[in-house]
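Residue strings, one per chain:
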Amino acid sequence: MYLSRFLSLHTLWVTVSSVMQHYPSVWGHYDVCKTQIYTEEGKVWDYMACQPEARDMIKYVKVTLDPPDITCGDPPETFCAMGNPYMCNNECDASTQELAHPPELMFDLEGRHPSTFWQSTTWKDYPKPLHVNITLSWNKTIELTDNIVITFESGRPDQMILEKSLDYGRTWQPYQYYATDCLDAFHMDPKSVRDLSQHTVLEIICTEEYSTGYMTNSKIIHFEIKDRFAFFAGPRLHNMASLYGQLDTTKKLRDFFTITDLRIRLLRPATGEIYVDEQHLARYFYAISDIRVYGRCKCNLHATGCKEENKRLLCECEHNTTGPDCGKCKKNYQGRPWSPGSYLPIPKGTANICIPSISSIGTNVCDNELLHCQNGGTCINNVRCQCPPAYTGILCEKLRCEREPGGCGGRSSAPGRAGAGAGPGPRLLLLLLLLLLLLPALLAAPARGC
């Protein structure tokens with residue numbers, strides 16, 4: 001007799017539970033820059049922080065090698081087989097397609113058999129170090145969103161450094177050191193990312209985890225981006241709100257995952273032994289079959305798109321911003337200093353749009369398109385914004401207390417500027433309230449025939 005009542009309650013609870021479970025997963029997509037909403041004044045634009053989708057950034061990379069003649073095949077030379085270092089009858093010949101191993105084969109789709117790869121010359125000049133710098137350049141600021149993965153066709157190097165640049169290759173900083181013996185190679189104790197924490201997430205470490213010899217199942221080197229994200233977002237990155245909150249408020253953390261260039265410094269090839277066999281130097285070389293770098297164009301939360309133009313990536317800027325990274329306000333939209341968007345408050349963030357310069361506003365101070373009043377202000381006849389008591393400015397864009405002696409001090413921040421730990425939001429609260437209201441009625445309803 002209680003079956004229909006139970007089913008109704010169960011259906012409602014499943015709906016609420018589903019929203020509770022999936023609500024955090026929609027946080028922080030930031031895939032829309034603005035939407036139109038209806039107010040008493042008619043349709044107006046509601047602006048949000050926004051960013052491009054993550055993508056395979058290798059599609060847009062330019063690669064350079066130093067020294068430039070380090071690729072094998074010119075002149076042709078023989079090298080030893082990967083699996084059998086004493087079978088030294090393989091040939092590298094730049095003039096023959098099937099035997100050539102140019103740099104672009106680090107990024108191609110694997111299709112030729114055996115797998116395609118770039119290869120350096122052998123260590124024929126031992127004991128002179130076999131050093132190679134592989135520089136990946138984007139001519140654009142990008143934000144990393146997934147692990148950097150390098151797949152070696154040879155043994156993984158005994159010594160290697162991964163470096164990053166934030167200024168288009170003018171200066172470099174280490175990202176991570178790799179060695180079979182960190183103490184001997186770099187005077188550092190070995191660590192893994194698992195040894196880090198929220199407080200030490202920016203520490204530059206040396207790891208021995210990815211530096212073995214010729215083992216066929218051990219060809220990959222990682223730089224773990226997601227494991228560092230997990231210190232803030234949880235092991236499965238479910239709490240992205242927390243991560244975005246940290247990125248929003250901690251510039252050093254944000255810059256850590258931001259690059260314009262990467263450099264792979266190969267310092268010593270895989271030897272697989274303590275000493276180098278000088279009688280078989282064709283055993284020692286570097287070979288890379290694949291590099292993966294996933295990220296998004298950095299657009300300062302002012303764009304959802306990034307296009308390639310004249311072999312250069314450019315943000316498709318909104319919010320009245322411009323520049324390759326949306327890093328400045330458009331002409332006649334410099335009514336206040338440019339500012340990047342903000343991830344907070346979750347889930348829409350804050351757009352921080354550029355507003356018209358006073359000299360360019362003229363008689364139309366506000367309208368229902370781009371010049372809408374902010375922070376709850378009301379547009380009066382397109383001539384002025386009537387602001388709430390706490391706000392002032394041409395478009396109600398400033399806190400009134402900022403102009404008072406002492407500033408805003410300990411006063412509460414603007415409405416909606418709650419941190420990443422803010423409550424679950426109106427949609428969830430509404431469903432919970434609905435459950436509480438319907439529960440007594442469903443329990444008290446007369447029984448129907450089963």
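The text that follows walks through the structure, step by step, so that each part is easy to find. Computed from a predicted model, the values in this text were never measured in an experiment.

Calculation notes
Residues numbered from 1 in each chain as written. Predicted model: local features only at pLDDT ≥ 70, side-chain atom pairs only at ≥ 80, totals over all residues. Heavy atoms only, no water. Helix = DSSP H or I, 4+ residues; strand = E, 2+ residues; numbered from the N terminus. Contact = heavy atoms within 4.5 Å. Areas by Shrake-Rupley, 256 points an atom, 1.4 Å probe, with all protein chains shown as cover. Disulfide = S-S within 2.5 Å. Buried < 20%, exposed > 50% of the residue type's maximum accessible area, 1.4 Å probe, protein only. Core = buried A, V, L, I, M, F, W, Y, C linked by side-chain atoms within 4.5 Å. Pairing = 2+ DSSP bridges.

Focus: the overall build of the protein
1) Next: A count of helical and extended segments in the protein gives 7 helices and 24 strands.
2) Next: Within the protein, contacts between residues at least 6 apart in sequence are counted, and of these 64% link residues at least 24 apart.
3) Next: Counting only carbon and sulfur atoms, one obtains 54% of the accessible surface of the protein, whose full area is about 23700 Å².

As for the state of the cysteines
Disulfides are covalent bonds that link the sulfur atoms of two cysteine residues.
1) Next: Under the counting rule described, the total for this entry stands at 10 disulfides.
2) Next: Here Cys-72 is linked by a disulfide to Cys-92, with a sulfur-sulfur distance of 2.0 Å. With the S-S bond torsion at 75°, the cross-link from Cys-72 to Cys-92 turns out right-handed. Residue Cys-72 is located in the loop between strand S4 (62–66) and strand S5 (77–79), and its partner Cys-92 is located in strand S6 (residues 90–92); the two are separated by 20 residues in the primary sequence.
3) Next: With relative accessibility at 3%, the residue Cys-72 sits in the buried group.
4) Next: In this model Cys-387 forms its disulfide with Cys-396; the gap between the sulfur atoms is 2.1 Å. Residues Cys-387 and Cys-396 are joined by a disulfide whose S-S torsion is about -90°; by sign, that bridge is left-handed.
5) Next: With a relative accessible area of 23%, Cys-387 lands in the partly exposed category.

With respect to the nonpolar core
1) Next: Formed by 63 residues in total, the largest nonpolar core has its most connected members in Trp-118, Ile-134, Trp-138, Ile-150, Leu-266 and Ile-291.
2) Next: Among the elements that make up this core, the one with the highest residue count is strand S8 (residues 132–144) (6 residues).
3) Next: Discounting residues that sit within four places of it in the chain, Ile-150 has contacts with Met-160, Lys-219, Ile-220, Ile-221, Ile-264, Ile-288, Asp-290 and Ile-291.
4) Next: One finds Tyr-47, Ile-353, Val-365 and Cys-379 within the second-largest nonpolar core, a separate group that totals 13 residues.

With respect to the sheet that holds strand S15 (residues 287–292)
1) Next: Reading across from one edge, S7-S15-S9-S13 is the order of the 4 strands in this open sheet, with antiparallel pairing throughout. Two strands close off the open sheet at either side, each with one partner strand: strand S7 (118–119) and strand S13 (220–223).
2) Next: Bridge analysis of strand S9 (residues 148–152) against S15 gives 4 bridges, and the strand direction is antiparallel. For Phe-152, the partnering residue across the bridge sits in S15 and is Ile-288.

Thoughts on the environment of Gln-374
1) Next: By the secondary structure assignment, Gln-374 is in the loop between helix H6 (358–361) and strand S21 (378–380).
2) Next: With 22 residues separating them along the chain, Gln-374 and Cys-396 place their C-alpha atoms 5.4 Å apart.
3) Next: With residues near it in sequence (within four places) discarded, Gln-374 still touches Arg-336, Ile-353, Ile-355, Leu-395, Cys-396 and Glu-397.

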